[in-house]
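Working through the structure, step by step
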Amino acid sequence: SFQISRPKMKNSITLIAACAVLLIIVGVWFVVTKPRPHRVLSTLKIGEAIYEVEVARSAAQQARGLSFRESLPENRGMLFVFKVASSQRFWMFGMKIPLDFVWIRGGEVVALSENIPAPKKSPPAIVSPDEPADQVLEINAGEITRRGIKIGDPVILETD
C-alpha cells in the first residue's frame, strides 16, 4: 500500500513557535533600528540648566531611545515619560555614546546616575535609580557635573 507521511504534530508546533520567535525578533529590531522622520523638541529646565529634549512617551520611542546614535548635540537630551512612578530600569543596548541619567518624580530630581559608558561588550549595562521615577532624562555624560544638576532641583517641561 502507498502511504503519504505526515509531519508529526510536535514538529509542526516547533516550526510555528520558531517562526513566531523569529517574527518577534525581526519586529523588535525594526522598531529599534528604523530611522525617525523628524524629531519634535520640547524645552526642559532643570534648576538653571535648559535642554532641548525629544520626549519619548510611546513604548516604541522608549525602546529605541538614543540607541545607535553617533552623538548627541550639546544641550540636547531625551526625556522618557511614564504614567506611574516606579523603579525604572534602562539598559545601554546599542548605545554608542556615554550618558548621564537624571531621574525625576513629581517635577523634581530624585536621583542621578553619572558617566554611564557605552557598552564595549555584551550584555550592556543596566542603569536603575534607588528612587522611583516618572520621568528620566538622558543627556551627554558629564552634563550633571558641568551644569551643577543636583537632587531636589525643580524640573519644568514646557509644552506647546
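It should be noted that the structure appears before, not after, this text.
Quick summary incoming for the structure in this document. (Residues numbered from 1 in each chain as written. Predicted model: local features only at pLDDT ≥ 70, side-chain atom pairs only at ≥ 80, totals over all residues. Heavy atoms only, no water.)

**Brief notes about the sheet that holds strand S6 (residues 108-116)**
Backbone hydrogen bonds hold the strands of a sheet together, and the pairing may be parallel or antiparallel. Rule in force here: Pairs of strands are assigned from DSSP output, requiring at least two bridges between the strands. Under the scheme used here, helices are H or I runs from DSSP no shorter than 4 residues and strands are E runs no shorter than 2 residues, and both carry numbers assigned from the N terminus. Only C-alpha atoms enter the line fits that serve as axes; for helices the fit covers just the stretch in contact. Angles between N-to-C directions range over 0 to 180 degrees.
The strand order across the open sheet formed by seven strands is S6-S5-S8-S3-S2-S1-S9, and the pairing between neighbours is mixed. Looking at the sheet topology across the chains shown, the edges are occupied by S6 and strand S9 (155-158). For this sheet, the mean inter-axis angle between neighbouring strands, taken without regard to orientation, is 30°. As defined by bridge partners, strand S1 (residues 41-46) adjoins S9 across four bridges and the pair is classed as antiparallel. Considered in S9, the bridge of Ile-46 is made with Val-155.

**Thoughts on unusual backbone geometry**
Even without glycine at this site, Phe-68 takes up a positive phi of about 70°. Here Phe-68 shows up in the loop between helix H2 (59-64) and strand S3 (76-86). Positive phi, normally seen in glycine, also occurs at Asn-75, with a value near 60°.

**Describing the packing of aromatic side chains**
Note the following rule: Here a pair means two rings of Phe, Tyr or Trp (six-membered ring of Trp) with centres within 6.5 Å. Their orientation is stacked below 30 degrees between planes, edge-to-face above 60, and tilted elsewhere. For every residue, the accessible area (1.4 Å probe, protein chains only) is compared with the maximum for its type, and the residue is labelled buried under 20%, exposed over 50%, or partly exposed between those bounds. Think of it as a cone above the ring: NZ of Lys or CZ of Arg counts as a charge over the ring if it is within 6 Å of the ring centre and within 35 degrees of the ring normal.
Counted under the stated rule, the structure contains seven aromatic pairs. Pairing Phe-90 with Trp-103 gives two aromatic rings, centres 5.6 Å apart and planes at 80°, and the pair type is edge-to-face. Here the residue Phe-90 occupies a position in strand S4 (residues 90-91), and Trp-103 occupies one in strand S5 (residues 99-105), the gap between them amounting to 13 residues. Taking relative accessible area as the criterion, Phe-90 reaches 8% and is therefore assigned buried. Judged by its relative accessible area of 0%, Trp-103 is buried. Ring centres of Phe-101 and Trp-103 lie 5.6 Å apart, and the angle between their planes is 15°; on these two criteria the pair is classed as stacked. Considered together, Phe-101 and Trp-103 belong to a single accessibility category, that of buried residues. Each residue in the set Phe-80, Phe-82, Phe-90, Phe-101 and Trp-103 is aromatic and connected to the rest through ring pairs, giving one cluster. The side chain of Arg-147 reaches across the aromatic face of Tyr-51, ending 5.2 Å from its centre.

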